[in-house]
Structures are given as C-alpha cells and as structure tokens.
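Observations on chain architecture
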Amino acid sequence: MPTSRTTTKTASTTRKPARKSNTAEQMSNSKFHELFMEELKDIYWAEKNLVKALPKMQKAATSEDLKDAIGHHLEETKIHVSRLEDIFEMMGKKAQAKKCEAMEGLIMEAQRGVEDTEEDSMVRDAGIIISAQKVEHYEISAYGSLRTLANVMGHADAAELLEQTLEEEKHADSLLTEIAESTINEEAAAE
Ligand SMILES: [Fe+2]
C-alpha cells in the first residue's frame, strides 16, 4: 500500500539525525565498539595463521600460475597483518589475536585436501583453489563488516585501511577463479 510506504520513509528520515549525534568518542565505550574490537581480534588471528598456512599451500600446488598467485597473496597477507596492527593502534589498543575457529577449520580442511590428492596433479590444484576461495570469502565478509562498522562509528581512517584490504581479498578471489577457469579445471577433468 502506498500509504504505508510513505510512513516508513518518513520514519527512517526522522531517525537519521539521532544516529549522527553518536560521535566516535561516545561510540568507543559502546557494546558496538566492543563487537568491532572482537571482530578485529578474530581476523587478526586469521591473517597471522594464513601467513603460516599459505606457504604450505603454495608448495603443494603444481601450476606455476597458482603458485605465483598464492605467493603474491602471501605478501599481501603480511601487509594485512600490519594494517590490522595499525588499526589496533588507532583504537589505542595493543594488537591482540583471538582464535578464529572458522579460519582454523578452513586451514585444516585445506591441508586435508592436499593430503587426499596426488602430488603434481591438477585435481590437487583445483582443490587448493576451492580451499583458498573459501578462505577469501570468509575474509571478504569479515572485512566488509568491519569496514561498515568503522564507518558507522566515524573511524574513517580505520575504514579506509579495511577497505584497501577488502579490495585485495576480492582481487585474490577473482584471480583464483580466473586461474581455475582458464586451465586447471579442464586439465583436472582430463586426468
Ligand atoms: Fe587477508
């Protein structure tokens, strides 16, 4: 009904100024800010553990394209770790990692995938790509949410850094799709 639509629109318009009155300072003590800090610790653990896991995935891969892509993303991942440390500093906190059960599981599955496939096979490479993309998708959701939270709380500098990492995760994800679709999947199907 058109009438109810108009009412909803008016209500949301009148709610906006109240949101704006929450300054970054007020927010820093809020439960919402606590949630932001907890999510930050989660992804910090995830990134630090990826720095350890990616070289193993790179070593297990056969295709040069895949090895290069993982190697490149390893270097980016190290930057992601230091960006997170910068954000902790911006928030006046010491960088702290909190075990991310989801990432631990994804890394374990990736290792199992390698163990269950033959060395120098494209099936193994296809499996590594699937595992790596699951990791990227987790990170894309984490960084997208963190960026949004930072923006809502008025932490523009932190949001900017989170956005940079988000873009790199998205790029890594599409590069993996490209590699899988250009050669690996077809070769794996022919093995
Ligand atoms: Fe990352």
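Residues numbered from 1 in each chain as written. Predicted model: local features only at pLDDT ≥ 70, side-chain atom pairs only at ≥ 80, totals over all residues.

1. As for the overall build of the protein
So the rule is basically this: Helical segments are the DSSP runs of H or I of at least four residues, strand segments are the runs of E of at least two, and each set is numbered from the N terminus. Buried means a residue has 20 or more other C-beta atoms within 10 Å of its own C-beta, exposed means 12 or fewer, and partly exposed covers the counts in between; C-beta atoms are placed from the backbone. Contact criterion: two residues are in contact if their C-beta atoms, reconstructed from the backbone, are within 7 Å.
In terms of helices and strands, the protein carries seven helices and zero strands. Each helix and strand of the protein, placed in order from N terminus to C terminus, yields the pattern α-α-α-α-α-α-α. Counting only residues that meet the buried cut, the protein has 31% of its 191 residues in that class. Pairs at least 24 apart in sequence give 75% of the contacts found in the protein among residues at least 6 apart.

2. What to know about the confidence of the model for the protein
Put simply, the rule reads: The predictor reports its confidence for every residue as pLDDT, a score running from 0 up to 100.
Mean pLDDT over the protein: 89, with 85% of residues reaching 70 or higher. Ranking the elements of the protein by mean pLDDT puts helix α1 (residues 2–20) last with 43 and helix α4 (residues 64–90) first with 98. The model gives residues 1–21 a pLDDT under 50, and that stretch makes zero contacts with residues more than four places away or in other chains.

3. Overview of α4
Quick note on the threshold: Expected helix span is computed as 1.5 Å times (number of residues minus one).
Counted at 1.5 Å a residue, the expected span for α4 with its 27 residues is 39 Å, and the 39 Å between its end C-alpha atoms agrees. Restricting attention to buried positions, one finds in α4 the residues Leu66, Ala69, Ile70, His73, Thr77, His80, Leu84 and Ile87.

4. A short note on the packing of helix α3 (residues 31–60) against helix α6 (residues 122–152)
Note the following rule: Angles here are taken between N-to-C directions and fall from 0 to 180 degrees, while the axes themselves are lines fitted to C-alpha atoms, restricted in helices to the stretch in contact. Roughly parallel here means an angle under 35 degrees, roughly antiparallel means over 145, roughly perpendicular means 65 to 115, and every remaining angle is called oblique. With the far helix as reference, a near helix turned anticlockwise by less than a right angle produces a left-handed crossing, and one turned clockwise produces a right-handed crossing. Under the grouping applied here, Gly and all other residues not named as nonpolar or charged are polar, the nonpolar ones being Ala, Val, Leu, Ile, Met, Phe, Trp, Tyr, Cys and Pro and the charged ones Asp, Glu, Lys and Arg.
Packing of α3 against α6 leaves a shortest axis separation of 11 Å and a crossing angle of 160°. As summarised for this structure, α3 and α6 are arranged roughly antiparallel, according to the angle between their axes. For the pair α3 and α6, the sense of crossing is left-handed. Contacts from Phe36, Glu39, Leu40, Ile43, Leu50, Met57 and Ala60 in α3 reach Arg124, Ile128, Ala132, Val135, Ala142, Ser145, Leu146, Leu149 and Ala150 in α6. Looking at the contact of α3 with α6 residue by residue, the class counts come to 13 nonpolar, one polar and two charged.

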